[in-house]
Amino acid sequence: MTTASSTDPSTVTAPASEAAGLPAAVESRPIGVFDSGVGGLTVARSIIDQLPNESILYVGDTAHGPYGPLPIAEVRANALGVMDELVDSGVKLLTIACNSASAAVLRDARERYTAKYGIPVIEVIQPAVRRAVAATRSGRVGVIGTSATVGSRAYEDTFAAAPDLEITSVACPEFVSYVEAGITTGPALLAVAEEYLAPLKAAGVDTVVLGCTHYPLLTGVISYVMGADVTLVSSAEETAKDVYRALATHDLQRTDDAPPEHHFVATGDARQFEALARRFLGPEVLSVRHVDHVSAQYPTGSLARITPEMIAAAQGASARPRISNFVGAPVTGGPGQ
């Protein structure tokens, strides 16, 4: 976890039981932003830009991510586990800054946190779809995402409200690996991009939805392959607008005179996360601390956390080895490693 000041983090959080009653101090609590890795920092960046007085509590579940290649049941278990702990920590709003998690748990999250605790839940799929519908000129729209997102057909379901559009979806799983490795240029990445994006060029799309929050970090290569006439739609700015609307609607905007504090938690290798976060987000990231669980840093909540045993059951017989939660564990996989 990082902090943008020396203030004790416990002074800016409160139990979820208080959040349900929306006491006077609730507007001072942080916005919870969650992703399986560094991609959600693009959303955090837009929230900070559009809402500079708001505090952010960002969780990168790098011990269990990226979520894209995982079965939906495992994505759901991991995502709800982290969000339970964010709600326990006292966040005033949840932002699911991960397309795979949005596709897997959005309805559950709104029932679990909005209906029970009154905590708004914002995700990244609907904002991107709205922007793509407004941007397309020909009605031919491409969607690129992780295997989990594309396989869920969440974008096709959301685009169904605009039946005149022709949607072409392509899974680009290696893009996340490149971003997580800090690689955003080079001939190897270009070759992968040309292979992935060939079906979209063949379909003649004029708009491409970047259906993973990691992908805006690859807009250079994607735009180069697709051509200057193709509009790239990132959900980050549109999601931040939805966060603004939710805060205004529920009268949750922070009015404190003190500077906001931004906290960053990594469940996996904190050093690797910190290096990438500083590169992609900027000076707001002072340092990153490792925690096995968010509740280890914010032991205030009462929700029953989804346990490792439940996740193991979701994995089933083909369970994959888990990445170590401890700082200093060797980093495996990814391009160039």
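Coordinates for the structure precede this section.
Because the structure is a prediction, the values reported are computed rather than measured.

Caption draft 1: Focus on the packing of helix α8 (residues 173-180) against helix α9 (residues 187-203). Close contact between α8 and α9 brings their axes to 10 Å; oriented N to C, the two are set at 155°. As summarised for this structure, α8 and α9 are arranged roughly antiparallel, according to the angle between their axes. The chirality of how α8 crosses α9 is left-handed. Residues Pro173, Glu174, Phe175 and Tyr178 of α8 form the contact with α9, whose participating residues are Ala188, Leu189, Val192, Ala193 and Tyr196. Among the residues making up the contact of α8 with α9, the classes are represented as 8 nonpolar, no polar and 1 charged.

Caption draft 2: The state of the cysteines, seen in detail. The tally for this structure, following the rule as stated, stands at 0 disulfides. You can see Cys98 has no disulfide; the closest cysteine sulfur is in Cys212, sitting 6.7 Å from it. The class for Cys98 is buried, based on a relative accessible area of 4%. Judged by its relative accessible area of 7%, Cys212 falls in the buried class.

Caption draft 3: Broad picture of the pattern of salt bridges. Taken as a whole, this structure holds 10 salt bridges when the rule is applied. In this structure, Asp108 and Arg76 form a salt bridge, with 2.6 Å as the shortest nitrogen-oxygen distance. You can see Asp108 sitting in helix α4 (residues 99-117) and its partner Arg76 sitting in helix α3 (residues 72-89), a full 32 residues away along the chain. The exposure class assigned to Arg76 is partly exposed, which follows from its relative accessible area of 33%. A salt bridge links Asp256 to Arg254; its shortest N-O distance comes to 3.9 Å. Owing to a relative accessible area of 9%, Arg254 belongs among the buried residues under this scheme. A single salt-bridge network, built from bridges that share partners, covers Arg130, Asp242 and Arg245.

Caption draft 4: Unusual backbone geometry, seen in detail. Not every positive phi belongs to a glycine, and Arg153 is a case in point at roughly 60°. Residue placement: Arg153 occurs in the loop between α6 (147-152) and α7 (154-159). Of note in the backbone geometry, Asp251 takes a positive phi value of approximately 55° without being a glycine. As for its position among the elements, Asp251 is in the loop between α11 (235-249) and β9 (262-266). Taking the relative accessible area as the measure of exposure, Asp251 reaches 63% and is therefore exposed.

Caption draft 5: Structural detail: α3. Taking 1.5 Å of rise per residue, 18 residues should cover 26 Å, and α3 covers 26 Å from first to last C-alpha, within 8% of that figure. Most of α3 sits out of view: 15 of its 18 residues are buried. Residue Gly90 follows α3 closely and has a positive phi angle near 100°.

Caption draft 6: Expanded view of the layout of surface pockets. Estimates place the volume of the second largest pocket at around 240 Å³. Lining the second largest pocket are 15 residues, and of these Ser102, Ala103, Leu106, Ala154 and Thr158 sit closest to its centre. Those elements giving two or more residues to the lining of the second largest pocket turn out to be α4, α5 (125-135) and α7. With 7 residues, the single largest contributor to the lining of the second largest pocket is α4. Tallied by class, residues from the lining of the second largest pocket come to 6 nonpolar, 4 polar and 5 charged.

What counts and how
Residues numbered from 1 in each chain as written. Predicted model: local features only at pLDDT ≥ 70, side-chain atom pairs only at ≥ 80, totals over all residues. Heavy atoms only, no water. Axes fitted to C-alpha atoms, helices over the stretch in contact; angles between N-to-C directions. Helix = DSSP H or I, 4+ residues; strand = E, 2+ residues; numbered from the N terminus. Parallel < 35°, antiparallel > 145°, perpendicular 65-115°, else oblique. Left-handed = near helix turned anticlockwise from the far one by under 90°. Contact = heavy atoms within 4.5 Å. Nonpolar A, V, L, I, M, F, W, Y, C, P; charged D, E, K, R; others polar. Disulfide = S-S within 2.5 Å. Buried < 20%, exposed > 50% of the residue type's maximum accessible area, 1.4 Å probe, protein only. Salt bridge = Lys/Arg side-chain N within 4 Å of Asp/Glu carboxyl O. Expected span 1.5 Å × (residues − 1). 1 Å grid on protein atoms, 1.4 Å probe; cavity = no way out; pocket = protein on both sides within 12 Å on 5 of 7 lines; lining within 4 Å. Points joined across faces, edges and corners; volume = space filled by probe spheres on them.

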